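Given next are the chains, with one letter for each unit.
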Amino acid sequence: MRARAQAQLKGNSTGAWIDATQALRVLFDLAANADTASDALALLHELQVHQVELDLQTEEMSQSLLQLESMVARQRQLFDASPCAQLLIDTQGRLVDMNETASHDLGLDAKACKRLMGQRMDACLTAESVLQLQSQVKAMQQADRMSSFFLILKIQGNNAYQVCASLRPHPEGNGHVLAWLPWPAC
């Protein structure tokens, strides 16, 4: 940030800005002269007030950042603790994120989840379900409303089970939220 500020000051073509060393030199010269010493003290006071204001702003921004980080962590905990599998997919049907319930339902460990990110879910679904999901994603792009359908998940050991899924637009508008519950739901 300091480098950006210095670049902006140096880029000022009017010459109105001077660097800190020059400013301190001017302040020193003013303080050395009896006629301008009071002006120098007033200017020094103004600089000190400005520095305190900057320090307070920095403290407020640091507190805001901590609060935001805490809120994000809480939302992530809620996302992961949901009893419903939730996945975020982009407009091409590639996986962006999933909660712990979804990774558990798919029988994936943390490494396998990371490998799946950015990929389509084809390896986790039967061929018929891949087509069903692709069809729902395509329809979502045209209708932009929630839909419900069945998918058959493939999990490790060639086990498969049916889930009742729903797809809805992502609230941020950059993809979809895919959720499911085992079928029949308890």
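Residues numbered from 1 in each chain as written. Predicted model: local features only at pLDDT ≥ 70, side-chain atom pairs only at ≥ 80, totals over all residues. Heavy atoms only, no water.

(A) Quick look at the pairing of strand E2 (residues 95-98). Direction of pairing for strand E1 (residues 85-89) relative to E2: antiparallel, over a ladder of three bridges. What sits directly across from isoleucine 89, in E2, is leucine 95. A loop of five residues connects E1 with E2, the two strands running antiparallel in sequence, and glycine 93 in this loop sits at a positive phi of about 85°. (Pairing = 2+ DSSP bridges. Helix = DSSP H or I, 4+ residues; strand = E, 2+ residues; numbered from the N terminus.)

(B) Quick look at the nonpolar core. Ranked by size, the top nonpolar core spans 24 residues in total, and within it Leu87, Met98, Met121, Leu151, Leu178 and Trp180 carry the most contacts. Sorting the residues of this core by element identifies E1, E2, helix H5 (110-116), helix H6 (127-143), strand E3 (147-155), strand E4 (159-169) and strand E5 (176-182) as the ones contributing at least two each. By residue number, the principal contributor to this core is H6, which donates four residues. Residues contacting tryptophan 180, with those up to four places away along its chain left out, are Cys84, Ala85, Leu87, Ala102, Asp105, Leu106, Met121, Leu153, Val163, Cys164 and Ala165. (Core = buried A, V, L, I, M, F, W, Y, C linked by side-chain atoms within 4.5 Å. Buried < 20%, exposed > 50% of the residue type's maximum accessible area, 1.4 Å probe, protein only. Contact = heavy atoms within 4.5 Å.)

(C) Fine view of the pairing of E4. With nine bridges connecting them, E3 and E4 associate as antiparallel partners. Considered in E4, the bridge of serine 147 is made with leucine 167. If you look at the hairpin formed by E4 and E5, you'll find six residues sitting between the two strands, and glycine 173 has a positive phi there, around 80°.

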